[in-house]
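Summary of the model geometry
Spelled out from the first residue to the last, the chains are:
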Amino acid sequence: MSMEEARPGSTTRRPGATILVTDDEPGIRQALCLFLGRLGHEVVEAPTADAALELLERRRFDLVLSDIALPGAATGLDLLAQVKQRAPDLDVILMTGHMDVDFAVNAIKRGVTDFFKKPFLFEELEQSVTRCLDRRRLLGRTRELEQLAARHETLKSVQRDLLLTLCALIDARHAWSRRHGERVGALARSFAAALGLPEREQKLALIGGRLHDLGKVATPDALLQKEAPLDAAERAIVQRHALVGAQLLEPIAVLRPFVPVIRSHHENWDGSGYPDRLAGEAIPPVARIVRLADAWDALVSPRAWRAAFTRSAAAAAIEAGSGKAFAPDLVAPFLAHVQGGAAECAATAETPELDACESVAG
Ligand SMILES: [Fe+2]
C-alpha cells in the first residue's frame, strides 16, 4: 500500500501516543492523521516548521513526523535540529521526495531516527513509528527505575540518620540502657538468623532490639533509677514506654517497620502482657524474639535491687515462662542458642550495623 492509496486498516493497538505531523500538503497530513489515528495515536498537524515549533513549546509529544520541504525559511532539517536541541530524546522521522546521500548524512548528523522517500509504504511507516514509541516507553521506564533507585537511596540515608539520632537519644539518658539495647539487638538478630528467618526479619530484630525501650525517654528518672521494686502505680507508668516508643516512631514513614516490634516487645504469649494484651500468634513474630532477648539480658544483668541471675537460673526462668510470657516454640531453640555462646557474643556487640537496615527502608 503506498502513501497515495493509503486506506488504513491495521488493527495494531498499543498505548496511544501523541504525534506531531508536519507537512505543507493538506492531503498528506490528512492521510497520515487518518492512518496514525487508526493505530490509536493522537495526531496534531502543523503546515510549517514554525507552526510545529510553536506547538512543541506548548505541549508534549512522543514523536515528530515531518516533511523535509516546508514553506518558509525553515526546512524539515532545521526543525529536526531545533527539536534535538530542545528535547534530545524526542524521535524525529523525516519524509522527503528527493532522497540522496547528502540528505541522509545531514539528517543522521542532526539526530534523525528514521527517514522515508515519498511515496512510501504505510506498513513501513507503521513499523518505524512503533519502534520509536517502544524505545521511548523503554527509556521512560528506565528513567522511572533510576528515579526510584535514587529515592530508595535517599530514604535509606534518612532512615539511617534518624536511627542514629534515636540511638544517641537513648544513650544520652542512661549508659545501662545503651548497652542493654545493643545486647538485645545483637542477640535478637543472631537468634533470628539461627531460626533461618529472612534477612529483613533479622534486621527488624537488630534495630527493633536496639530501640525497644525508646519510649523510656519519656519515663521519669525517679522510676527508672529507683533502687527497689516498683509498686503497681509506678509499674503502670513505666509500662507506658512500649506505647510511647511506638507513638514516637509511627509518624516517621521510614521507621514505621519497627513500630510493631517496639509496641509489642512486652506482650506475653498468654495474653497477660501490655500494651494491647495480645496473645499467641497475634504477637508480631519479631516482637516474640525481642521479648526473649530482652528478658534474658535483664535476667543475667545486675539490677539495683538484686544481683544478676546465673546463666542456669536465667535459663530456668525462661523455661518457666514458656507458654506464659514466651512463645513456647521459641523457648527451647532460644536456650540452645544462648547456651551455644550467642549471649556472650551479644554482650560484646558494638553499635548495631545501622547500614544493614536498608531492606526495610521505605
Ligand atoms: Fe521494655
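Treat the numbers as computed from the prediction; the structure is a model and nothing was measured. (Residues numbered from 1 in each chain as written. Predicted model: local features only at pLDDT ≥ 70, side-chain atom pairs only at ≥ 80, totals over all residues.)

1. With respect to helix H2 (residues 49-58)
Of the residues making up H2, those classed as buried are Ala49, Ala52 and Leu56. Looking down the long axis of H2, one finds its buried residues gathered within 60° of arc, a one-sided arrangement. Away from its buried face, by an angle of more than 90 degrees, H2 presents the exposed residues Glu54, Glu57 and Arg58. As for H2, its buried residues are in contact with strand S1 (18-22), strand S2 (42-46), strand S3 (63-67) and helix H3 (76-86). (Buried ≥ 20, exposed ≤ 12 C-beta atoms within 10 Å, placed from the backbone. Helix = DSSP H or I, 4+ residues; strand = E, 2+ residues; numbered from the N terminus. Arc of directions from axis to C-beta. Contact = placed C-beta atoms within 7 Å.)

2. Points about unusual backbone geometry
Cis peptide bonds are those with omega within 30 degrees of zero, and the linkage from lysine 118 to proline 119 qualifies with -10°. One non-glycine residue with positive phi stands out, namely arginine 277, at about 50°. With respect to the helices and strands, the residue arginine 277 is situated in the loop between helix H10 (259-263) and helix H11 (285-300). A tally of 12 C-beta atoms within 10 Å means that arginine 277 is categorised as exposed.

3. As for the nonpolar core
The biggest cluster of nonpolar side chains holds 43 residues, and the ones touching the most others in it are Ala188, Ile289, Val290, Leu292 and Ala293. Here the element with the most residues in this core is H11; it accounts for eight residues. In this structure, leucine 292 is in contact with Ile318, Phe326, Leu330 and Phe334, ignoring residues within four places of it in sequence. Membership of the second largest hydrophobic core comes to 35 residues, among which are Val64, Val83, Phe122 and Val129. (Core = buried A, V, L, I, M, F, W, Y, C linked by C-beta atoms within 7 Å.)

4. Considerations on the packing of H11 against helix H12 (residues 311-320)
Remark: H11 packs on H12, axes separated minimally by 9 Å, with the N-to-C direction vectors making an angle of 140°. For the crossing formed where H11 meets H12, the hand is right-handed. Across the interface between the two elements, Leu292, Ala295, Trp296, Leu299 and Val300 from H11 touch Arg311, Ala314, Ala317 and Ile318 from H12. Counted by class, the contact of H11 with H12 contains eight nonpolar, no polar and one charged residues. (Axes fitted to C-alpha atoms, helices over the stretch in contact; angles between N-to-C directions. Left-handed = near helix turned anticlockwise from the far one by under 90°. Nonpolar A, V, L, I, M, F, W, Y, C, P; charged D, E, K, R; others polar.)

Read these as layout, nothing more, since geometry by itself doesn't imply function.
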